[in-house]
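Each chain is listed here by its residues.
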Amino acid sequence: LGIGPSPKKRVVSFYEKHDPDKLDEVPNILSKYYGDYPKLVKRLERKYGDYGYFLNWEKDEAPMTLAFDKLETTRTYLFEQWNRYAPQFAKTATRNMK
């Protein structure tokens, strides 16, 4: 989880529009510019000539939105692991407590 907003969704959609071959490189690009996203935005806008695409990207992914997404992913993972590996008596006891 990051402390500040990240332009990941906007960068992914930008590359889908302008250079789909680079979609696999998005995590590396974001890590290279971590903490200096305005510099990344300027370079992408200048390179592809699509100015204004990143306006208000800070509102796309607020930290709490990222936290809730990660929380849901973790919950789903733990639920799958519980269903796969927990002994049957524990599952039955848990179901009876509800």
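Residues numbered from 1 in each chain as written. Predicted model: local features only at pLDDT ≥ 70, side-chain atom pairs only at ≥ 80, totals over all residues. Heavy atoms only, no water.

Undergrad: Is there a simple way to think about the pattern of salt bridges in this case?
TA: Opposite charge on two side chains allows them to pair when their charged atoms are near. Under the criterion given, the structure shown has two salt bridges. With its nearest N and O atoms 3.0 Å apart, the salt bridge here joins lysine 17 to aspartate 50. Taken together, the residues span a long stretch of sequence, with lysine 17 in helix H1 (residues 8-18) and aspartate 50 in the loop between helix H3 (37-48) and helix H4 (63-85) at a distance of 33 residues. On the accessibility criterion, aspartate 50 (14% relative accessible area) is buried. Arginine 75 is paired through a salt bridge with glutamate 72; the nearest N and O atoms lie 3.9 Å apart. Within this pair, arginine 75 and its partner glutamate 72 are both found in helix H4, separated by three residues, close to a single helical turn. (Salt bridge = Lys/Arg side-chain N within 4 Å of Asp/Glu carboxyl O. Helix = DSSP H or I, 4+ residues; strand = E, 2+ residues; numbered from the N terminus. Buried < 20%, exposed > 50% of the residue type's maximum accessible area, 1.4 Å probe, protein only.)

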